[in-house]
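# Structural overview
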Amino acid sequence: MAHQWFGNCISHLENKDVWLTESFATYYGKMFERSLFGEDYYENSKNDEQLQALAAAKNNNYPVDGSTGGNARIYQKGSLVLGMLRYVMGEREFHDAINYYVVHHAFSNAETADLIRAVYEATGKSYYWFFEEWVLHGGEPDYKVSYTVSDDTNGIRATHINVYQVQETTSLVGLFKMPVVFEVHYKDGKIDRKTGWIENKYQEVIIPNPDKKTIDFVLFDPGREIVKKVAFSKSFDELAAQAVKAVHMIDRYDALVGLRSSSVETKRDLLIRCFSNEHFFLTKAEILDQLTDDANDKSLSLFKKALEDPDANVRKEALKQLSPVPVMLKTEVVHALRDSSYLNGELALQNLCQFFPAETDLFLTLTKDSYGWRGMNIRMKWLEIAIGAGKKEFIPELVSYTGPGYEFETRMNSLNVLKKLNYADAVVIKNALTAYLHWNGKLSGAGKDYLSYFSQQDLVRPMIREAISSGTWTAREQTSLNSLLNSFN
């Protein structure tokens, strides 16, 4: 429905303004999911978006408003930018501005200037500075944060928070002006909160502490409202307190990430305690990741608990991290063969056959009627293991799945499995060629990968050339296949 509004009801005028369509649709889809699945889910969605935006920034600093920005900017970063606009403007003004924009541009085309104008006309305030730094220019702020505690000449104590913007400034990337929330959490459970506008290379934010309370931990931008990189060094005790007490899931997650460099012996009990307190898979997955190589009975008991977690994503993370599968958890992994998540069933089958190879026939028998979903994922893993174990009688079944009688994901999966098994024959090659010529880019890519792999083998390369020369193709298909052949040389 978000795409109906932003894309059909209002369409972007030029390619450079495509973010108006995709960012709005991504943002409002995310907001709907927030209302359905809750705050933790929403914060995880923002985390995924930020990871993609920052990954794109490693390649270039193109702006959101530009045809060369790439998907991570017109979808994920643009979605985050709209969230930051809401954060800066406030709920009421943001609602009024977007409503004004939609009403005045319904059933027509729009460009970024129209949105900027709508915000001004709806609120009477210019937010051009915001669009200039977040939409029309590129990059993200890179903050370096620290704090000290000191008493003034009158003995009045305060927390001095130092903020540096350390990103390289260029014609595309400047200093960022944003309201940032600072929180000082004390041992007694109380919190001092202050919002400061950070816009210079260096700024100090002072939070009075007249009662001289002991600091537990300090948060910079709690809830991660701002797209940014940040370096904020904290002690183990500060990270531990934040991991247990921070209100936002994403702040607890950041604390857990900060504990990665600590020894397992130092953090084991803390992580186990945090796991019991958490309800969302992101934090639980981070804990499992940090304990994956720990053979201590406490950690193994935690993995047992994770394998029985009601959240399939937590069970999935436990199955992914168990390498090898400890004997004491073998029973739980066997139970996972019948997991409600087909992906978990596939992972369980793979792990059991890999780490208990003498019982491969048993595990294959237990799952012989399981097919899964998304391209028969469990059956594909089953066939890969069975054929790899010498059961060649199942090759014809796997080969049949490469044909046009099956949907594209089944064809992709079967081609990938046959590539792993280093198997090629005339039937598979023909099916790989039709896959390569398919309009679906994913299936076409799988066909090309298979053919490119076997083109390097002297025994198979002539089979590919024969299949092309003997086939009946349209002129366009023949041109595409000739291009494929040339890429083999």
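In this report, the structure presented in the accompanying data block is examined.

### Brief notes about empty space enclosed by the protein
Overall, the coordinates contain two cavities of 30 Å³ or more when judged by the stated rule. When its volume is computed, the largest cavity comes out at roughly 120 Å³. Lining the largest cavity we find 15 residues, and of these Lys46, Leu80, Arg224, Glu225 and Ile226 sit closest to its centre. Top element by residues in the lining of the largest cavity is helix α3 (residues 39–57). It accounts for five residues.

### Observations concerning the packing of helix α17 (residues 377–388) against helix α19 (residues 408–420)
Packing of α17 against α19 leaves a shortest axis separation of 10 Å and a crossing angle of 20°. When the axes of α17 and α19 are compared, the pair comes out roughly parallel. Here α17 and α19 pass one another in a crossing that is right-handed. Along the contact surface, α17 presents Met380, Lys381 and Glu384, while α19 presents Thr410, Asn413, Ser414, Val417 and Lys420. For the contact of α17 with α19, the class distribution of residues is two nonpolar, three polar and three charged.

### Considerations on unusual backbone geometry
Ser323 connects to Pro324 through a cis peptide bond whose omega is 5°. Its location among the elements puts Pro324 in the loop between α13 (312–321) and α14 (330–335). The backbone phi angle of Arg224 is positive, close to 50°, even though this residue is not glycine. For Arg224, the location among the structural elements is in the loop between β8 (215–220) and β9 (229–232). With phi around 55°, Asn422 is a residue other than glycine that occupies positive phi space.

### Focus: the pattern of salt bridges
By the definition in use, this model includes 35 salt bridges. Two residues, Arg224 and Asp254, come together in a salt bridge whose shortest N-O distance is 2.7 Å. Of the two residues, Arg224 sits in the loop between β8 and β9 while Asp254 sits in helix α9 (residues 249–258), which places them 30 residues apart along the sequence. Given the relative accessible area of 15%, Arg224 is considered buried. Here Asp254 falls in the partly exposed class, since its relative accessible area comes to 28%. Salt-bridge contacts for Asp361 lead to Lys391; the nearest nitrogen and oxygen are separated by 3.3 Å. Of the two residues, Asp361 is situated in helix α16 (residues 360–366) and Lys391 in the loop between α17 and α18 (395–400); the sequence distance between them amounts to 30 residues. Several salt bridges converge on common partners, so that one network encompasses Lys16, Asp17 and Asp65.

Conventions and cut-offs
Residues numbered from 1 in each chain as written. Predicted model: local features only at pLDDT ≥ 70, side-chain atom pairs only at ≥ 80, totals over all residues. Heavy atoms only, no water. 1 Å grid on protein atoms, 1.4 Å probe; cavity = no way out; pocket = protein on both sides within 12 Å on 5 of 7 lines; lining within 4 Å. Points joined across faces, edges and corners; volume = space filled by probe spheres on them. Helix = DSSP H or I, 4+ residues; strand = E, 2+ residues; numbered from the N terminus. Axes fitted to C-alpha atoms, helices over the stretch in contact; angles between N-to-C directions. Parallel < 35°, antiparallel > 145°, perpendicular 65-115°, else oblique. Left-handed = near helix turned anticlockwise from the far one by under 90°. Contact = heavy atoms within 4.5 Å. Nonpolar A, V, L, I, M, F, W, Y, C, P; charged D, E, K, R; others polar. Salt bridge = Lys/Arg side-chain N within 4 Å of Asp/Glu carboxyl O. Buried < 20%, exposed > 50% of the residue type's maximum accessible area, 1.4 Å probe, protein only.

Functional significance is not addressed by these values, which are geometric in nature.
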